[in-house]
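Fold and contact review
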Amino acid sequence: MKQFILGTILTIIGFTSCAQPRANESFKKEFIETINRTRQAGCKCGKTRMPAVAPITWNDMLENAAMVHAKDMARRNYFSHTGKDGRSSSDRIIAAGYSFKGFKSFAAGENIAMGQLDIAEVMAGWFKSEGHCMNLMNPDFKEVGVARVNDYWVQDFGGREAFSEEQQKLINSGKVKLIQKKITGHE
């Protein structure tokens, strides 16, 4: 009995010291509200005035992609948009199931940070950085997922637009040929 209890305690301690669990609702809500407050008002990213854009929503696939990268950076002690395996943020986002196939448009981007203590601090830093701010204000990005592991923060963005019913009919009939082009955000 003592071994089982000790083993369970070690497992719980090991898990909590290594990584944050999946985002809880308050974590998601705070990120979405902070981002959307600025997206709806517009802001200045560096010297570029960014107009108001539509609100962004949470996406669990993007959260999963962010978590994979945050865990990898924390485990391997590095800080980069390019993973140690050579994959880009777009590669990780697509691998997490956020596919471009079957959509009229697809956009992906990522913000990373290290060392910030809370959501307010990391968001303030991202909005002060021109490239990160432009990702946050990009009208092509409609969804976001965020993960924090120890001191590493990863914010993955995505945007997909479905074909209209009429366009789908044309594609299915073979009268239209699709050309797929991947567009990524600032990294």
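See the structure above.
Residues numbered from 1 in each chain as written. Predicted model: local features only at pLDDT ≥ 70, side-chain atom pairs only at ≥ 80, totals over all residues. Heavy atoms only, no water.

Here we come to the nonpolar core. Soluble, globular proteins show a tendency: their nonpolar side chains are buried together. Grouped together as the largest cluster of nonpolar side chains are 25 residues, with contacts concentrated most on Phe-31, Met-123, Trp-126, Met-137, Val-144 and Trp-153. Counting residues per element, the ones that place at least two in this core are α2 (25–41), β1 (43–45), β4 (103–114), α5 (119–128), α6 (130–137), β5 (143–149) and β6 (152–162). The element best represented in this core is α5, accounting for five residues. For Met-137, the residues in contact, after removing those within four places along its chain, are Thr-38, Arg-39, Gly-42, Cys-43, Cys-45, Met-50, Pro-51, Val-53 and Phe-127. Among the nonpolar cores identified, the runner-up in size contains ten residues, and Ala-66, Met-73, Ile-112 and Val-154 belong to it. (Core = buried A, V, L, I, M, F, W, Y, C linked by side-chain atoms within 4.5 Å. Buried < 20%, exposed > 50% of the residue type's maximum accessible area, 1.4 Å probe, protein only. Helix = DSSP H or I, 4+ residues; strand = E, 2+ residues; numbered from the N terminus. Contact = heavy atoms within 4.5 Å.)

Under the defined criterion, the tally for this structure stands at six aromatic pairs. For the ring pair Phe-100 and Phe-106, a centre distance of 5.7 Å and an interplane angle of 65 degrees mean the geometry is edge-to-face. Classification of Phe-106 by relative accessible area gives buried; the value is 6%. The rings of Phe-27, Phe-31, Trp-58 and Trp-153 are connected pair by pair, giving a single aromatic cluster. The ring of Tyr-98 has Arg-160 sitting right over it, with the charged end atom 3.8 Å from the ring centre. (Phe/Tyr/Trp six-rings, centres within 6.5 Å; stacked < 30°, edge-to-face > 60°. Lys NZ or Arg CZ within 6 Å of the ring centre and 35° of its normal.)

Moving on, we get to the state of the cysteines. Counted by the stated rule, this structure contains one disulfide. Between the sulfur atoms of Cys-45 and its disulfide partner Cys-133 the distance amounts to 2.0 Å. Given an S-S torsion of about -65 degrees, the disulfide between Cys-45 and Cys-133 has left-handed geometry. Of the two residues, Cys-45 sits in strand β1 while Cys-133 sits in helix α6, which places them 88 residues apart along the sequence. Judged by its relative accessible area of 0%, Cys-133 is buried. Here Cys-43 is not cross-linked by a disulfide; its sulfur's nearest cysteine counterpart is in Cys-133, at 3.6 Å. According to the relative accessible area criterion, Cys-43 is buried, its value standing at 12%. (Disulfide = S-S within 2.5 Å.)

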